Amino acid sequence: MFERARNELLTLRDCLRFAVSRFNEAGLFFGHGCDNAWDEAVYLALSSLHLPLDQLEPFLDARLLPEERDSLLELYRRRVEERLPAAYLTREAWLGEHRFYVDERVIVPRSFIAELLNEQLAPWIDDPWQVKAVLDLCTGSGCLAILAALNFPEAQVDAVDISPEALAVARKNVDDYRLQARLRLIESDGFDALGGARYDLILSNPPYVNAESMAALPPEYRKEPQLALGSGLDGLDFTRRILAQAKAHLEPGGLLVVEIGHNRAALEAAYPELPFTWLETAAGDPYVFMLRRDEL
């Protein structure tokens, strides 16, 4: 099918129609930046052709050079046959206006904490310039640590991950944003390598997928590092570690902000005594909680 299409498809519109048909035929799962076949086909096309990602209309009926068509169809073929998330094909992921390098060594960035950081965690943080130390636990690609450094301009940021492969990806992103002087990458299993370090703000988008959901993951999610997804029977194993140890690493008045996916009910049942504040995001308020140091 893909080989025959190389000689039949002439315009970008032709290629997009072909891709949507193949994506729907293959039953692809969308959840790494796009939520439908059309948007993903458009994103892959604009990225492949080095066109602005927000300007499709002027180019829809433009004819493609043979080598352009071949490169685009190869992306579409790999998306269908290998079930790779689009971000692994383009080697990039976006959180709002910020672009990050990604590959199979890290999960594709998609944290609700990103939008909270771009609002400088208002109203919970009164003065962003007074935030002097931030920890991003389970940093992966380093995206949240970088957003923290950009939005809290006086802060030194520590970004921690157990995976040296993930930290290599994070290093590339830190270098791309020229934040080497303010952002330190640390290989550590949770808080283990941090000694007595204390922070004004601890962020974490930890593994939180429960065992039942892990067993039912679509193929696209199985391409991601499973270490960064699964967290025990109820999805809360790593979150329990955070709640047990975070207080010792927070300054007086410090904040803990953690994303827990669809586990709000399980978390509140496990910790009925903790006064979780659930932070509002574009998707609602079930996904990210905040605790102050004196509430832990």
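Structure shown above.
About the cut-offs
- Residues numbered from 1 in each chain as written.
- Predicted model: local features only at pLDDT ≥ 70, side-chain atom pairs only at ≥ 80, totals over all residues.
- Heavy atoms only, no water.
- Buried < 20%, exposed > 50% of the residue type's maximum accessible area, 1.4 Å probe, protein only.
- Helix = DSSP H or I, 4+ residues; strand = E, 2+ residues; numbered from the N terminus.
- Pairing = 2+ DSSP bridges.
- Right-handed = clockwise from strand over helix to strand, strands pointing away.
- Contact = heavy atoms within 4.5 Å.
- Axes fitted to C-alpha atoms, helices over the stretch in contact; angles between N-to-C directions.
- Parallel < 35°, antiparallel > 145°, perpendicular 65-115°, else oblique.
- Core = buried A, V, L, I, M, F, W, Y, C linked by side-chain atoms within 4.5 Å.
- Expected span 1.5 Å × (residues − 1).
- Arc of directions from axis to C-beta.
- Salt bridge = Lys/Arg side-chain N within 4 Å of Asp/Glu carboxyl O.
- Polar contact = N/O pair within 3.5 Å; in protein donor to acceptor, adjacent residues only side chain to side chain.

### With respect to the pairing of strand S4 (residues 156-161)
Phase 1 of the analysis: Burial runs high along S4: five of the six residues are buried.
Phase 2 of the analysis: With five bridges joining them, strand S3 (residues 133-137) and S4 adopt parallel strand pairing. Bridged to Asp-136 within S4 is Ala-159.
Phase 3 of the analysis: After leaving S3, the chain enters helix H7 (residues 143-151) and then returns to the sheet as S4, a path that is right-handed.
Phase 4 of the analysis: Where S4 lies against strand S5 (residues 183-187), five bridges are found, and the strand directions are parallel. Paired with Val-157 across the bridge in S5 is Leu-183.
Phase 5 of the analysis: Once the chain exits S4 it traverses helix H8 (residues 164-176) before rejoining the sheet at S5, and the crossover so formed is right-handed.

### Here we look at the environment of Val-257
Phase 1 of the analysis: Within the secondary structure, Val-257 sits in strand S7 (residues 250-259).
Phase 2 of the analysis: Given the relative accessible area of 0%, Val-257 is considered buried.
Phase 3 of the analysis: C-alpha separation for the pair Val-257 and Ser-204, spaced 53 residues apart in sequence, amounts to 6.5 Å.
Phase 4 of the analysis: Once residues within four sequence positions are removed from consideration, Val-257 is found in contact with Ile-113, Leu-121, Leu-201, Ile-202, Leu-203, Ser-204, Leu-279, Val-288, Phe-289 and Met-290.

### Description of the pairing of S7
Phase 1 of the analysis: Most of S7 sits out of view: seven of its 10 residues are buried.
Phase 2 of the analysis: In this structure, strand S6 (residues 199-204) lies alongside S7, joined through five bridges in parallel fashion. By the bridge assignment for S7, Leu-201 is matched with Leu-255.
Phase 3 of the analysis: Both S7 and strand S9 (residues 288-292) contribute to a ladder of five bridges, which runs antiparallel. Residue pairing across strands places Val-257 opposite Met-290, the latter belonging to S9.

### Details of the packing of helix H2 (residues 12-26) against helix H4 (residues 66-81)
Phase 1 of the analysis: In the contact formed by H2 and H4, the axes pass within 10 Å of each other and the chain directions differ by 10°. Looking at the two axes, H2 sits roughly parallel to H4. Across the interface between the two elements, Leu-12, Cys-15, Leu-16, Phe-18, Ala-19, Arg-22, Phe-23 and Ala-26 of H2 pack against Arg-69, Leu-72, Leu-73, Tyr-76, Arg-79 and Val-80 of H4.

### Some words on the nonpolar core
Phase 1 of the analysis: Judged by nonpolar contacts, the single largest core of 41 residues is most densely connected at Leu-12, Leu-16, Phe-23, Leu-44 and Tyr-76.
Phase 2 of the analysis: Those elements that provide at least two residues to this core are helix H1 (2-5), H2, helix H3 (37-48), H4, helix H5 (86-90) and H8.
Phase 3 of the analysis: Beyond its immediate sequence surroundings of up to four residues, Phe-23 is in contact with Leu-28, Phe-30, Ala-37, Glu-40, Ala-41, Leu-44, Tyr-76, Arg-79 and Val-80.
Phase 4 of the analysis: Residues Val-134, Ala-149, Ala-159 and Val-257 belong to the second largest nonpolar core, which totals 35 residues.

### Some remarks on H4
Phase 1 of the analysis: Look at H4: 22 Å from first C-alpha to last across 16 residues, which is about the 22 Å you get at 1.5 Å a residue.
Phase 2 of the analysis: Inspection of H4 places Arg-69, Leu-72, Leu-73, Leu-75, Tyr-76, Arg-79 and Val-80 among the buried residues, and these make up the whole buried set. Looking down the long axis of H4, one finds its buried residues gathered within 150° of arc, a one-sided arrangement. Summarising the geometry of H4, the exposed residues directed more than 90 degrees from the buried face are Glu-67 and Glu-81.
Phase 3 of the analysis: In the stretch just after H4, Arg-83 is the one whose phi turns positive, near 55°.

### Considerations on the sheet that holds S5
Phase 1 of the analysis: Within the open sheet, the seven strands sit side by side as S5-S4-S3-S6-S7-S9-S8. Their pairing is mixed. For this open sheet the edge positions go to S5 and strand S8 (277-278), each flanked by a neighbour on one side alone.
Phase 2 of the analysis: Sitting on the sheet, H8 touches S4 and S5, and the angle it makes with S5 is about 170°.

### Here's the deal with the pattern of salt bridges
Phase 1 of the analysis: Applying the stated rule across the entire model yields 21 salt bridges.
Phase 2 of the analysis: Here Arg-13 makes a salt bridge to Asp-61, at a shortest N to O gap of 2.8 Å. Within this pair, whereas Arg-13 is found in helix H2, its partner Asp-61 is found in the loop between H3 and H4, the two being separated by 48 residues in sequence.
Phase 3 of the analysis: Connected via shared salt-bridge partners are Glu-74, Arg-77, Arg-78, Glu-81 and Glu-82.

### Examining the environment of Glu-3
Phase 1 of the analysis: Within the fold, Glu-3 resides in helix H1.
Phase 2 of the analysis: Judged by relative accessible area, Glu-3 falls into the exposed class, the value being 56%.
Phase 3 of the analysis: Note: C-alpha distance between Glu-3 and Thr-281 (278 residues apart in sequence) is 44 Å.

### Points about H3
Phase 1 of the analysis: Between the first and last C-alpha of H3 there are 16 Å, a value that for 12 residues agrees with the 16 Å anticipated at 1.5 Å per step.
Phase 2 of the analysis: With respect to burial, H3 is a largely interior element, 10 of its 12 residues being buried.
Phase 3 of the analysis: Of the residues making up H3, those classed as buried are Ala-37, Glu-40, Ala-41, Val-42, Tyr-43, Leu-44, Ala-45, Leu-46, Ser-47 and Ser-48.
Phase 4 of the analysis: Buried residues along H3 sit against H2, H4 and H5.
Phase 5 of the analysis: Its side-chain oxygen 3.2 Å from the backbone nitrogen of Trp-38, Asn-36 forms the N-cap of H3.

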